[in-house]
Amino acid sequence: MSELQSDQPGDAALPTQSGDQPGYVQRQVHRHRLGQAAEATDDVGQEWPVALVYNGISHAVMMCTPRELEAFAVGFSLTEGIVERGSDIHDIEVYFFDGPLPHAEVHLQVVQQAFVALKDKRRALAGRTGCGVCGIESIELLDLQPERVPDTGFLGRLASDAIAHAARELPAHQQLSKLTGGLHAAAWCDETGAVKYAFEDVGRHNALDKLIGHLVMQRVDTTQGFVFLSSRASYELVRKAARVGIPMLATISAPTSLAISIAQQAGLRLVSFVRENGFVEYGA
């Protein structure tokens, strides 16, 4: 898997070897305080259109922070059911384009079986930072039947203070959020609550996809840890976690009713309103 600059005519590639953007840009602003205004420089989270192209056919355009796009593409492909396992993806190339509207394309080569299935259910998906079902044409097309999360004994090994531990550690892994105040984080925590990996993005579901993609690429067992999100628990986040067998999802803000329902169907432990001194658990 590789990240390449584009050499397509008419598109100027960004002058960087790694391709990853910083995740934020600086903008001039006027700060108003106590009736006084002053010019200043502010850090703003980057939001780019990112096209996901499978075997030469564009499937989705998601709005996300243009970092860790290879991990994002792997995670999205798995959590959206496009592929069943990481090995179904043979190659990934990431292209960055400069211009009036900076954007990126991620080209994936997937196994023929996955590509045929994708063409059969292909839909025009226009992703937004707060939307999980953009492009769905009817209620019948919603995929709300989660996989059952396997019981591997992880929750029985979870330390009594693991959730509080994760709540204490997460802020140290939110560097872009500290700069911009506008990005979500998705963290992978072990049975003690220690944060092992964390990814940030303007979209909470994008951050989770980046995290899951990284776990799969690193061959981490997704049944032996839990995810902590700096967001609310919406249904698509629970659905994504259940698809890869994650046993527990913890969030800083509230869950939705559908998130609770899907967690119960999947046998996934859902805790929200997480703070260092407590949380709310929604029974399975």
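Coordinates for the structure precede this section.
A few points on the structure. (Residues numbered from 1 in each chain as written. Predicted model: local features only at pLDDT ≥ 70, side-chain atom pairs only at ≥ 80, totals over all residues. Heavy atoms only, no water.)

1. Observations concerning the overall build of the protein
Right, on to step 1. Looking only at helices and strands, the protein has eight helices and 14 strands in total.
Right, on to step 2. Burial analysis of the protein (284 residues in total) assigns 47% to the buried set.
Right, on to step 3. For the protein, the share of sequence-separated contacts (at least 6 apart) that also reach a separation of at least 24 residues comes to 55%.
Right, on to step 4. Carbon and sulfur atoms make up 49% of the accessible area of the protein, which totals about 13500 Å². (Helix = DSSP H or I, 4+ residues; strand = E, 2+ residues; numbered from the N terminus. Buried < 20%, exposed > 50% of the residue type's maximum accessible area, 1.4 Å probe, protein only. Contact = heavy atoms within 4.5 Å. Areas by Shrake-Rupley, 256 points an atom, 1.4 Å probe, with all protein chains shown as cover.)

2. With respect to the pairing of strand E13 (residues 269-275)
Right, on to step 1. Two strands pair when backbone bridges link them, and strand E12 (residues 248-251) and E13 are joined in this way by three bridges, in the parallel orientation. By the bridge assignment, Leu249 is partnered in E13 with Leu270.
Right, on to step 2. In this fold, E12 hands off to helix H8 (residues 257-266), which returns the chain to E13; that crossover is right-handed.
Right, on to step 3. The pairing of E13 with strand E14 (residues 278-282) spans four bridges and is antiparallel. Paired with Ser272 across the strands is Val280, a residue of E14.
Right, on to step 4. Taken together, E13 and the strand that follows it, E14, pair antiparallel across an intervening segment of two residues. (Pairing = 2+ DSSP bridges. Right-handed = clockwise from strand over helix to strand, strands pointing away.)

3. Remarks on the pairing of strand E2 (residues 24-33)
Right, on to step 1. Within E2, only zero of the 10 residues are buried, leaving the element largely exposed.
Right, on to step 2. Of the pairings in the sheet, the one linking E2 to strand E3 (residues 36-45) comprises 10 bridges and is antiparallel in character. Following the sheet pairing, Val29 is matched in E3 by Ala40.
Right, on to step 3. Remark: two residues form the turn of the hairpin made by E2 and E3, two consecutive strands paired antiparallel; Leu34 in that turn has positive phi of roughly 55°.

4. Concerning the packing of helix H7 (residues 235-243) against H8
Right, on to step 1. Packing of H7 against H8 leaves a shortest axis separation of 7 Å and a crossing angle of 20°. Between H7 and H8, the interaxial angle falls into the category roughly parallel. The element H7 and its partner H8 pack so that their crossing is right-handed. The residues of H8 that touch H7, namely those facing Tyr235, Val238, Arg239 and Ala242, are Leu258, Ala259, Ile262, Ala263 and Ala266.
Right, on to step 2. Taken together, the residues of the contact of H7 with H8 break down into eight nonpolar, no polar and one charged. (Axes fitted to C-alpha atoms, helices over the stretch in contact; angles between N-to-C directions. Parallel < 35°, antiparallel > 145°, perpendicular 65-115°, else oblique. Left-handed = near helix turned anticlockwise from the far one by under 90°. Nonpolar A, V, L, I, M, F, W, Y, C, P; charged D, E, K, R; others polar.)

5. Some remarks on the sheet that holds E13
Right, on to step 1. Strands sit in the order E10-E9-E11-E12-E13-E14 across an open sheet of six strands; the sheet is mixed. Single-partner strands in this sheet number two, and they are strand E10 (195-201) and E14. Across the sheet, the mean angle from the axis of one strand to that of its neighbour is 20°, orientation sign disregarded.

6. Topic: unusual backbone geometry
What is expected of a backbone is that most residues other than glycine have negative phi and most peptide bonds are trans.
Right, on to step 1. For Leu34, which is not a glycine, the phi torsion comes out positive at approximately 55°.
Right, on to step 2. Here Leu34 is to be found in the loop between E2 and E3.
Right, on to step 3. Under the relative-accessibility criterion, Leu34 is labelled exposed at 79%.
Right, on to step 4. The backbone of Glu68 sits at a positive phi, close to 50°, despite the residue not being glycine.

7. Describing H8
Right, on to step 1. For H8, the full list of buried residues reads Ala259, Ile260, Ile262, Ala263 and Ala266. Taken around the axis of H8, the buried residues stretch over an arc of 165°, which confines them to a single face.
Right, on to step 2. Tucked inside the fold, the buried residues of H8 contact H7, E13 and E14.
Right, on to step 3. Looking at the residues trailing H8, positive phi occurs at Gly267, about 75°. (Arc of directions from axis to C-beta.)

8. Some points on the packing of helix H6 (residues 204-217) against H7
Right, on to step 1. Contact geometry of H6 with H7 gives a least axis separation of 10 Å together with a crossing angle of 10°. The orientation of H6 relative to H7 falls into the category roughly parallel. Residue-level contacts link Arg204, His205, Leu208, Asp209 and Ile212 of H6 to Glu236, Leu237 and Lys240 of H7.
Right, on to step 2. Along the lines of polarity and charge, the residues of the contact of H6 with H7 split into three nonpolar, one polar and four charged.

9. Focus: the side chain of Asn206
Right, on to step 1. Looking at where Asn206 falls in the secondary structure, it is placed in helix H6.
Right, on to step 2. A distance of 3.2 Å separates polar atoms of two side chains, one belonging to Asn206 and the other to His205.
Right, on to step 3. Not counting residues within four places of it along the chain, the set of residues in contact with Asn206 comprises Met62, Met63, Cys64, Phe72 and Asp201. (Polar contact = N/O pair within 3.5 Å; in protein donor to acceptor, adjacent residues only side chain to side chain.)

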